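As a plain string of letters, each chain reads:
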Amino acid sequence: LPISLIPKGERRKKSIKDIREGGYLRFGGKTFLVVDVSTYVETDETFRKKVGFTWPELRLLDLSTGQTVWLEWEEDDDVLIYLTTGSLSFRDLRDDEGGSIDEDDLDDLVDEDEDIVYRGKTFRYDDDYGALYMRGGKGRDNKGDKVYFYDFVADNGECITVEEWLEGKDNYSYEIFLSRRL
């Protein structure tokens, strides 16, 4: 695919909000192809009521390494952009007393506003919420895949997000990601 660069004088008129599938962006000295744009729609805990907040997730291909990376952005008072920097598992995480944690501990961590620790760094509980995930703009049966998020943030701005995916009645899978704000 030929790359069509935005002329230098026009670049300030564009933002992350203008990025679409097939587009390119550059940050951190690297150029990325936008392979896919998916969307999260925030819901209540039952996934029945949409609460109006949406944010995109971009699947990016690093053109210099061939590595796939994920970028999400949201607009609150400002546009906030987060880059996923790694995948974790529960065995990588500890509670603030050094004990192991697993999926059964998530509600207690939230209810008691507890921290988690990764590689000696403390991540404070920040938020938890439900969402529908529209993969490539569409969810399963166009209704969205159900996911519940648990967010933890370190003092330096790094984030750990535990994603709890509902795959059927009382059947869950978990993904854990480390990210940083750009």
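Bear in mind that the values here come from a model prediction, so they are computed numbers and not experimental data. (Residues numbered from 1 in each chain as written. Predicted model: local features only at pLDDT ≥ 70, side-chain atom pairs only at ≥ 80, totals over all residues. Heavy atoms only, no water.)

K.L.:
So what about the pattern of salt bridges? Which residues, and what values?
P.N.:
The final tally for this structure, using the stated rule, is five salt bridges. A salt bridge links Glu158 to Lys121, with the shortest nitrogen-to-oxygen separation between them at 2.2 Å. In this pair, Glu158 sits in the loop between strand S9 (145–153) and strand S10 (159–168) while Lys121 sits in strand S8 (residues 121–134), placing the two residues 37 residues apart along the sequence. Look at Lys121 and you get partly exposed, because its relative accessible area is 29%. Here Arg135 makes a salt bridge to Asp145, at a shortest N to O gap of 3.1 Å. With Arg135 in the loop between S8 and S9 and Asp145 in strand S9, the pair connects residues that are 10 residues apart, well separated along the chain. Overall, the relative accessible area of 48% leaves Arg135 in the partly exposed class. (Salt bridge = Lys/Arg side-chain N within 4 Å of Asp/Glu carboxyl O. Helix = DSSP H or I, 4+ residues; strand = E, 2+ residues; numbered from the N terminus. Buried < 20%, exposed > 50% of the residue type's maximum accessible area, 1.4 Å probe, protein only.)

K.L.:
Provide a residue-level description of the packing of aromatic side chains, including the pertinent values.
P.N.:
Counting across every chain of the model gives 12 aromatic pairs. Pairing Tyr129 with Phe149 gives two aromatic rings, centres 5.0 Å apart and planes at 25°, and the pair type is stacked. One end of the pair, Tyr129, is in strand S8; the other, Phe149, is in strand S9, with 20 residues separating them in the sequence. Assigned by exposure class, Tyr129 and Phe149 land together as buried. Look at Tyr133 and Trp165: their rings are 5.5 Å apart centre to centre, the planes differ by 80°, and that puts the pair in the edge-to-face class. Taken together, the positions of Tyr133 in strand S8 and Trp165 in strand S10 put the pair 32 residues apart, joining distant regions of the chain. Residues Tyr133 and Trp165 agree in their burial class; the two are buried. (Phe/Tyr/Trp six-rings, centres within 6.5 Å; stacked < 30°, edge-to-face > 60°.)

K.L.:
How would you explain the nonpolar core if you had to name every residue and give the values?
P.N.:
Formed by 22 residues in total, the largest nonpolar core has its most connected members in Leu93, Ile116, Phe123, Phe152 and Ile160. Listed by contribution, the elements that provide at least two residues to this core are helix H1 (106–111), strand S7 (116–118), S8, S9, S10 and strand S11 (171–181). Each residue touching Leu93, except ones within four places of it in the same chain, is listed here: Leu88, Gly99, Ser100, Ile101, Ile116, Val117, Tyr118, Ile160 and Ile176. (Core = buried A, V, L, I, M, F, W, Y, C linked by side-chain atoms within 4.5 Å. Contact = heavy atoms within 4.5 Å.)

K.L.:
Describe a negative patch on the surface, naming the residues involved and giving the relevant values.
P.N.:
On the surface, Glu45, Asp107, Asp108, Asp111 and Glu112 cluster together into a patch of negative charge. Mapped onto the secondary structure, Asp107 falls in helix H1. (Patch = residues over 30% accessible without salt bridge, like charges linked within 9 Å, V, L, I, M, F, W, Y side chains within 5 Å. Areas by Shrake-Rupley, 256 points an atom, 1.4 Å probe, with all protein chains shown as cover. Lys, Arg positive; Asp, Glu negative; His and termini not counted. Charge placed at Lys NZ, Arg CZ, Asp CG, Glu CD.)

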